Amino acid sequence: MTVYVKNTVEGGLTTQVIMKNAAGDKVEGASFSNSYKGTPKTVTKPTQIPKTGDETNLNLWFAALAVSGVFILGLGIMKKKQASKN
């Protein structure tokens, strides 16, 4: 099997596939089959989650995020009120 990739006039790509049989003659089509010989392996899930060494308390980070969001929202409201007074 020979595969050619060529540029088109429009700037894209086109492919040309040439198939030959054992005698070297061109053939029009091809078929492929895939098979697996062997015993399938079973996948087992781990019974324990491995420790990564990261003991960070995520609740603290989410609380800091919420406080920051409320602070930024409050600043935006105050700025809008000041702009409407002027």
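It should be emphasised that the depicted structure is a prediction, and the values quoted were computed from it without experimental measurement. (Residues numbered from 1 in each chain as written. Predicted model: local features only at pLDDT ≥ 70, side-chain atom pairs only at ≥ 80, totals over all residues. Heavy atoms only, no water.)

We now examine the overall build of the protein. Secondary structure assignment for the protein yields one helix and three strands. Each helix and strand of the protein, ordered N terminal to C terminal, gives the series β-β-β-α. In summary, the protein has a C-alpha radius of gyration of 33 Å against a globular reference of 12 Å for 86 residues, an excess of more than 25%. Expressed along its principal axes, the backbone C-alpha trace of the protein runs to roughly 90 × 55 × 20 Å. With 86 residues in all, the protein has 2% of them scored as buried. Of all intrachain contacts in the protein linking residues separated by at least 6 positions in sequence, the fraction that spans at least 24 positions is 3%. Surface exposure of the protein reaches about 9100 Å², of which carbon and sulfur atoms provide 59%. Looking at the protein, you have 11 positive and 5 negative side-chain charges, and the mean spots of the two groups are 15 Å apart. (Helix = DSSP H or I, 4+ residues; strand = E, 2+ residues; numbered from the N terminus. Rg over C-alpha atoms; globule rule 2.2 N^0.38 Å. Buried < 20%, exposed > 50% of the residue type's maximum accessible area, 1.4 Å probe, protein only. Contact = heavy atoms within 4.5 Å. Areas by Shrake-Rupley, 256 points an atom, 1.4 Å probe, with all protein chains shown as cover. Lys, Arg positive; Asp, Glu negative; His and termini not counted. Charge placed at Lys NZ, Arg CZ, Asp CG, Glu CD.)

Once that is clear, we can look at the packing of aromatic side chains. Across all of its chains, the model carries zero aromatic pairs by this definition. In this structure, Lys 6 is placed above the aromatic ring of Tyr 4, and the distance from its NZ or CZ to the ring centre is 5.9 Å. (Phe/Tyr/Trp six-rings, centres within 6.5 Å; stacked < 30°, edge-to-face > 60°. Lys NZ or Arg CZ within 6 Å of the ring centre and 35° of its normal.)

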